[in-house]
Amino acid sequence: MESKIRVLIADDHALMRQGLKQIIELEDDIEVVGLAVDGEDTIKKAQQLHPHIILLDINMPNMNGIQALRRLKDIGTDSKIIMLTIHEDREYLFETINIGASGYVLKDAESASLIKAIRDVFTGHSYIHPSLASALVKEYNKKESDTYKKDKLTRREYEVLGLIAEGKNNREIAQDLFISEKTVKNHVSNIFKKIDVNDRTQAAIYAYKHNIKKI
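The protein chain has the name Stage 0 sporulation protein A homolog in an unreviewed UniProt entry, where Crassaminicella thermophila is given as its organism.

In structure tokens, the structure reads:
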């Protein structure tokens, strides 16, 4: 039997923590291994419990979610991080993308969205709540220079970027394009350099912005 997806919930509101815990534990393949009440508690429990996924609230005392995310990345945690946000937090989302968050879920989203986010991020994909995608693209437009880099990509790189935007991992891209995973990895590295991004989430947002899809 495969091990369950281990989740740490970090939120300073007890009702939110318990509500999320109850929703998650209805799923047979996911378990909550810990609850954290603030940023400092999150760092400590992440190091103790080694969860696969951390659900991280942005607004918390004693080190907020953004500070906690940066600290977790600095210490090299293997946990993947999904930010829990409210609509008013959208201004912070671009910053958390740059730091390395893998997903974004609204606190008032349906439970199915939360579960999908956990599973997608666990399997190496990114998850951006649909209602936040347009806000992220808008923010990306403000941050990026006017230089349009798409033309620098080869046709194959353009195809690979389109598949990254669909949430596919290197193995899936290799199968779709009938090339080796090593070749895909090289293409991904070249794409990141050409469009000046650091990870797949940023690349996907770039693709959304420029309407890049699989050819």
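Sheet architecture is open: six strands sit in the order E2-E1-E3-E4-E5-E6, paired in parallel fashion. The sheet is open, and its two edges are formed by strand E2 (30-36) and strand E6 (127-128), each paired on a single side. The pairing of strand E1 (residues 5-10) with strand E3 (residues 53-57) spans four bridges and is classified as parallel. Note on E3: the bridge partner recorded for Val7 is Ile53.

Once that is clear, we can look at the side chain of Asp120. Following the sequence through the fold, Asp120 ends up in helix H5 (residues 111-122). The buried category is assigned to Asp120, whose relative accessible area is 16%. The contact partners of Asp120, leaving out residues within four places of it in the chain, are His125, Ser126 and Tyr127.

Glancing now at the packing of helix H7 (residues 155-165) against helix H10 (residues 200-209). It is at 8 Å that the axes of H7 and H10 come closest, and there the two elements cross at 105°. Between H7 and H10, the angle is such that the two are roughly perpendicular. In contact with Leu161, Ile164 and Ala165 of H7, H10 contributes Arg200, Ala203, Ala204, Tyr206, Ala207 and Tyr208. Taken together, the residues that form the contact of H7 with H10 break down as eight nonpolar, no polar and one charged.

With respect to the secondary-structure elements, Leu106 resides in strand E5 (residues 103-106). Looking at Leu106, the relative accessible area reads 4%, which means it is buried. Distance in space between the C-alpha atoms of Leu106 and Asp57 is 10.0 Å, their sequence separation being 49 residues.

Here we take up the pairing of strand E4 (residues 80-85). Of all six residues in E4, five are buried; the element is thus mostly enclosed. Judged from the five bridges that link them, E3 and E4 form a sheet pairing that is parallel. Residue pairing in the sheet places Leu55 in a bridge with Ile82 of E4. Pairing of E4 with E5 involves four bridges; the strand directions are parallel. For Thr85, the partnering residue across the bridge sits in E5 and is Leu106.

Moving on, we get to the pattern of salt bridges. Tallying each qualifying case throughout the model produces ten salt bridges. Between Asp29 and Arg119 there is a salt bridge, and its shortest N-O distance comes to 2.9 Å. In this pair, Asp29 is assigned in the loop between helix H1 (14-24) and E2 and Arg119 in helix H5, connecting sequence segments 90 residues apart. Here Arg156 and Glu159 are joined by a salt bridge, their closest N and O atoms 2.8 Å apart. With a gap of three residues between them, Arg156 and Glu159 both fall in helix H7, about one helical turn apart. Of the residues examined, Glu159 reaches a relative accessible area of 13% and is grouped as buried. What you see here is one network of salt bridges that share partners, running through Asp11, Asp57 and Lys107.

All right, on to the environment of Leu8 then. As for its placement among the helices and strands, Leu8 is situated in strand E1. You can call Leu8 buried: its relative accessible area is 0%. In this structure, the C-alpha to C-alpha distance between Leu8 and Ile54, residues 46 residues apart in sequence, is 4.8 Å. For Leu8, the residues in contact, after removing those within four places along its chain, are Val33, Gly34, Leu35, Ala36, Thr42, Lys45, Ala46, Leu49, Pro51, Ile53, Ile54 and Leu55.

Calculation rules
Residues numbered from 1 in each chain as written. Predicted model: local features only at pLDDT ≥ 70, side-chain atom pairs only at ≥ 80, totals over all residues. Heavy atoms only, no water. Pairing = 2+ DSSP bridges. Helix = DSSP H or I, 4+ residues; strand = E, 2+ residues; numbered from the N terminus. Buried < 20%, exposed > 50% of the residue type's maximum accessible area, 1.4 Å probe, protein only. Contact = heavy atoms within 4.5 Å. Axes fitted to C-alpha atoms, helices over the stretch in contact; angles between N-to-C directions. Parallel < 35°, antiparallel > 145°, perpendicular 65-115°, else oblique. Nonpolar A, V, L, I, M, F, W, Y, C, P; charged D, E, K, R; others polar. Salt bridge = Lys/Arg side-chain N within 4 Å of Asp/Glu carboxyl O.

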